[in-house]
Each structure stands twice: as C-alpha cells, then as structure tokens.
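Structural features, examined
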Amino acid sequence: MEIEIEMEDRKVNKELANEKLIRKFLLINFGLTFLFGFFLYLGKTRGNSGAALAALQMFFPALAAIITVMTSGLDIKKTTKNTYLVYIIISIGLMINAVLGIFIEAFDFTNALMLGGSVLFLISLLKEKKHRRQVANLSLGKKTKVLGLSLVFLVLYFLRPGLIALVSGDFSSFTQTFTVEKIVFALAIIISFPLSFLAFFGEEYGWRYFLQPLVQEKYGMTKGLIFIGLIWGIWHLPLNMFYYSAEGSQLQSLVNQILICIGYSIFFGYAYTKTDSIWTVSLIHYLNNNLILMFTDGFDPSVIENQLIGWSEVAIMGATTLILFGSFIFSKYNKDEKYLLANPLERFASLETKEERIDEKNKEQ
C-alpha cells in the first residue's frame, strides 16, 4: 500500500513539474513574440518590411526552451551550457539589430548575424562532450534516417502544388518551377544548410525537442501533436497581422497558418519521433521556408510579404496540407505511447546517471 502511495506521489509530482515547464516555456515564448510583435506593427507604420523581426521571431521558441531549462533548478554545467550561452548572445544581437532597423534607415545586419551565428553555434556545439550533446538532443543521429525523412518531405512538398494545379487545371506555374536554373538553386539551398540553419533550429528546438514530449505525455500522442499545431499557428499571429498578409486578409492568413501548422506538426512530430534528431525537423523546416523561392520570379524573398489570400485559397491549401502531411497521424510513431521521446528533465536525469557511472568507473581504475 505504501509503495502504491509513493508511486502515485511521484506521478503527481512529475505531472506538476511538467506543467510548470510547459507554462514557463509558453509564457516566455509568447511574451517575447507579442512584445516584438509591437515593434513589427511599429515598423509597418513606418514603412519597414519587417523581415528582420520575422527572422528574429524564429529564435524565440529555442530561446524560451533554453531559458526554461536554465532556470529550472538543473545543474546546467552538466549539459551544453556554452552552446546555450552562444545562442542567447546571438538572439540578443538579433533583437538589437531588429529594433534599431526600425528607426535607422538601411540598418540591417540580419544575414550577417544569421550566418555568423550559425557558424559560431556549430563550432561551440562540436566542442561539447558527446554525452552532453546527447542529453540536449543536439547529436546528429543516424544520417540515413535524417536524409530519408527529408526526402519524404520534399516529395510531399512538391506534390502539394501539383495537386493544387490539378484542381485548378493550370499546370503552367507548376511546370515552370522545375527549370534548370531553379533546380540548381534548390541544390545550392540544400548545401547551404550548415551556414544558415540557426533560425529554423530556433523554432524546432522549442516546439519539438522541448514542448512535444511534454505535451504528448500530458494529452496523449495524437492530441498532443494537434495541440502543438494549434498553438504554433497562433504563435504566428503578429506575422499574419503585420507581415504576411495584405490589408483585409489578416484573418484568412491566420486561419491558413493554423491549418498548415497542424498538418506540419503531425508530420514534423512523426519525423522527430522516428529519428529522435532535432536536425531532421530543422532541415525540413529550412527546406520548407527556402524552397518557396522556386515558385517566384527572380527568387524574390519578399513574395511572402503582404499576400492577398482568399478563403478559397485557404481551403485548398489547408485541405492539401492536412491530407498529405496530416495523414501521418495514423503512423505508429504518432499513436503508440511506446514511441514517446524523453522530455528535457528525463534527458537530464539520464545524463546524471551516466556521469555517475563514469565517476564510479574512474574511481575503480
């Protein structure tokens, strides 16, 4: 009887600890997002594009995850502390850059900070001990799985506009995507990943590494992914209001974002769980955001700004995304709890156990 009571107490304590982590993460993440959302609005009133602030927002999920871990009573010295600090410094630099860019004309060092930050982060990460990279889930994992899931995503990614073209009966824009010039551009994008991955890692480290296992443990495997997709979509609200959409289509932009994020949350959750590698979803996210330039004339990144979106487009994009990517909800990796990945606290506990074994082995020698 006493053992049962003790086990129940442990379960309750674990649930409370997990809920505390979720609340703190969401408070920091959404707090930063809506704070800088004000600057995004301010920039729009002053005629700024908002690109620097849009890039900055991608850093907030990982920043929230790192701050939550560092302020949760864990001995951060036992994990990738230096790499975390590098990420925080880069994020602060991007904050300063984005805010100053609102008030100082032509002040924009976003690309330089992203490039330099990606390189510094990678160097710092490679200097970390292997077992500490593992507990922070910053190890690469099996390369074949990472590349295989990325290839699956690419097939679905290009199948979606193909289906949309089939529905509309207009294949001209779709076929123009696969010119030699654009294929070379796509290969260049893939090769450039190590030099420009940090923003995409920023989103995925927060949503997938940190939040996904906690939410799936609380709500269940399937409901957890849908919940993440919903809040991930809402998290884009400042961008949908002041960056992505043209006047009069803000609501359409937000609904479209939520539907896409739910579909992607299901597929990204599947890819992350199957590979247990944050680099899988970081690469997929990177491809998703950058390959959109293949559908533009002159590879113009401003195509994502001030979009006029109709409800029919929302319906078509939402339906195709949920069909292609949301269908992975039926995968065993998204349904069976035996595939639930360890949350950050559990990963940290495994590190402490491993270091204790190392210490014991050293003493014996």
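Structural notes, computed from the coordinates.

Thoughts on helix α13 (residues 250-275)
For α13, built from 26 residues, the straight-helix expectation of 38 Å at 1.5 Å per residue is met to within 8% by its first-to-last C-alpha distance of 36 Å. Positioned one or two residues after α13, Asp-276 has a phi angle of 50 degrees, which is positive.

What about the packing of aromatic side chains?
Taken as a whole, this structure holds 41 aromatic pairs when the rule is applied. Look at Phe-121 and Phe-201: their rings are 5.0 Å apart centre to centre, the planes differ by 50 degrees, and that puts the pair in the tilted class. Placement of the pair is Phe-121 in helix α5 (residues 110-127) and Phe-201 in helix α10 (residues 198-219), with a sequence separation of 80 residues. The exposure class assigned to Phe-121 is buried, which follows from its relative accessible area of 1%. The class of Phe-201 is buried, set by a relative accessible area of 1%. Between Phe-197 and Trp-279, the aromatic rings sit 5.4 Å apart at their centres with planes inclined by 75 degrees, giving edge-to-face as the arrangement. Taken as a pair, Phe-197 in the loop between α9 (180-191) and α10 and Trp-279 in helix α14 (residues 278-290) lie far apart in primary sequence, 82 residues in all. Note on accessibility: Phe-197 and Trp-279 belong to one class, buried. One cation-aromatic arrangement involves Lys-218 over Tyr-219; the distance from NZ or CZ to the ring centre is 5.4 Å.

Rules used in this analysis
Here the residue numbering is sequential within each chain, running from 1 through the sequence in written order. Totals for whole chains, interfaces and linings use every residue, but because this is a predicted model, local features are given only for residues with pLDDT of at least 70 and side-chain atom pairs only at 80 or more, for both listing and counting. Where side-chain values are given, they derive from all heavy atoms of the structure, hydrogens and water being excluded. Numbering goes from the N terminus for both helices and strands, where a helix is a DSSP run of H or I of at least four residues and a strand is a run of E of at least two. By this rule the span expected of a helix is its residue count minus one, scaled by 1.5 Å. Aromatic rings from Phe, Tyr and Trp, with only the six-membered ring used for Trp, were paired whenever their centres fell within 6.5 Å, and each pair was classed as stacked if the ring planes differed by under 30 degrees, edge-to-face if by over 60, and tilted otherwise. The classification of residues rests on relative accessible area computed with a 1.4 Å probe and restricted to protein chains. Under 20% of the type maximum is buried, over 50% is exposed, and intermediate values are partly exposed. Lysine and arginine charges are scored as sitting over a ring when NZ or CZ, respectively, is within 6 Å of the ring centre and within 35 degrees of the ring normal.

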